[in-house]
Amino acid sequence: MSARILIVEDEPAIRDLLAVNLRHAGYVPMSVESAEDAQKQLDAALPDLIVLDWMLPGQSGIDYAKRLRADPRTREVPILMLTARAQEGDKLQGFDVGADDYVTKPFSPRELLARIRALLRRAAPEVAEDPVEVAGLRLEPGTFRVFADGAPLSLSPTEFKLLHYFMKHVDRVLSRAKLLDNVWGDHVYIEERTVDVHIRRLRVALQPTGHDRLIETVRGGGYRFLPR
Ligand code: CA
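Residues numbered from 1 in each chain as written. Predicted model: local features only at pLDDT ≥ 70, side-chain atom pairs only at ≥ 80, totals over all residues. Heavy atoms only, no water.

A. Spotlight on the overall build of the chain. In terms of helices and strands, the chain carries eight helices and twelve strands. Reported as C-alpha extents along the three principal axes, the dimensions of the chain are approximately 60 × 35 × 30 Å. Looking at the chain residue by residue over its 228 residues, the buried ones come to 46%. Within the chain, contacts between residues at least 6 apart in sequence are counted, and of these 56% link residues at least 24 apart. For the chain, the exposed surface amounts to about 11900 Å²; the carbon and sulfur share of it is 51%. Both charge centroids of the chain, one from 32 positive and one from 34 negative side chains, sit 4 Å from each other. (Helix = DSSP H or I, 4+ residues; strand = E, 2+ residues; numbered from the N terminus. Buried < 20%, exposed > 50% of the residue type's maximum accessible area, 1.4 Å probe, protein only. Contact = heavy atoms within 4.5 Å. Areas by Shrake-Rupley, 256 points an atom, 1.4 Å probe, with all protein chains shown as cover. Lys, Arg positive; Asp, Glu negative; His and termini not counted. Charge placed at Lys NZ, Arg CZ, Asp CG, Glu CD.)

B. How the structure looks around the coordination of the calcium ion. Within the protein, the atoms that donate to the calcium ion are Asp-10 (OD), Glu-11 (OE), Asp-53 (OD) and Met-55 (O), at distances of 2.1 to 3.1 Å. In terms of primary sequence, the donors binding the calcium ion are separated according to D-E-x41-D-x1-M. Judged by relative accessible area, which is 27%, Asp-10 ranks as partly exposed. We classify Glu-11 as partly exposed; its relative accessible area is 36%. (Donors = N, O, S within 2.8 Å, 3.2 Å for Na, K, Ca; no water.)

C. Looking closely at the sheet that holds strand 7 (residues 137-140). Spatial ordering of the open sheet is given by 6-7-8-9, a layout of four strands whose pairing is antiparallel. The open sheet terminates on both sides in strands that have one partner only, identified here as strand 6 (132-134) and strand 9 (151-153). If you compare each strand with its neighbour and ignore which way they point, the axes differ by 25° on average. Helix-sheet contacts for helix 6 (residues 157-168) involve strand 6, strand 7 and strand 8 (145-148), and the interaxial angle to strand 7 is about 115°. (Pairing = 2+ DSSP bridges. Axes fitted to C-alpha atoms, helices over the stretch in contact; angles between N-to-C directions.)

D. Examining the packing of aromatic side chains more closely. Applying the stated rule across the entire model yields two aromatic pairs. Judged by centre distance (5.8 Å) and plane angle (20°), the rings of Phe-166 and Phe-225 are stacked. In this pair, Phe-166 is assigned in helix 6 and Phe-225 in strand 12 (residues 222-225), connecting sequence segments 59 residues apart. The exposure classification of Phe-166 matches that of Phe-225, with both residues buried. (Phe/Tyr/Trp six-rings, centres within 6.5 Å; stacked < 30°, edge-to-face > 60°.)

E. Looking closely at the side chain of Ser-34. Examined against the element boundaries, Ser-34 turns out to sit in the loop between strand 2 (28-32) and helix 2 (35-44). Of note is the side chain of Ser-34, whose polar atom sits 3.1 Å from the backbone nitrogen of Asp-37. Ser-34 has contacts with Val-8 and Pro-57, leaving out every residue within four places of it along the chain. (Polar contact = N/O pair within 3.5 Å; in protein donor to acceptor, adjacent residues only side chain to side chain.)

F. Local environment of the sheet that holds strand 4 (residues 79-83). The strand order across the open sheet formed by five strands is 2-1-3-4-5, and the pairing between neighbours is parallel. Single-partner strands in this sheet number two, and they are strand 2 and strand 5 (101-104). The average angle at which neighbouring strand axes cross in this sheet is 20°, direction not considered. Of the strand pairs in this sheet, strand 1 (residues 4-8) and strand 3 (residues 49-53) are connected by four bridges, and their pairing is parallel.

And the structure:
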């Protein structure tokens, strides 16, 4: 799946340059002009990375980065800051508020793309992740295989990601919105009901070994993966 990249930049020429280059490199860019518009996008769905200009009308990029880092929902989305200022002090301030990397204008699109690739690699190490084992279930992210009491299970990619997320967040109440953000992430137009559909399928797949009981429905809260 192509990574979705949110561009927050008020200068149309730079915004377009970025969008064209990102699209050309196989990403899905979305452009907005202000932090306020960025927030509207984020409320609908999380991007895989945010390219954030420092100097924006209204809320500044720095203040917005701070806000993104303070919100548990957006805390882990990588941020690449753009700025016209080259002073070291400003750079440090950028890292201070939680930017993951930094590019000074004027930048070469090639360099920017290289930085973006590196950030995305760092943010999504899923494939290289270690196998997880919980209560007789073993999930191997590298090979996309799951075993229940030693027997292989056949899961769709979505159910696989869902189970992986559950196994990494044992005993936590996970809302449908949180699951959508973390498991579906890339899609904008998905209803919370969709989560229930996939939970149902996952439970069916886990039923033969009784592991379906590990997925608990929390009334009004979402779901919890509870080894017992
Ligand atoms: Ca600007």
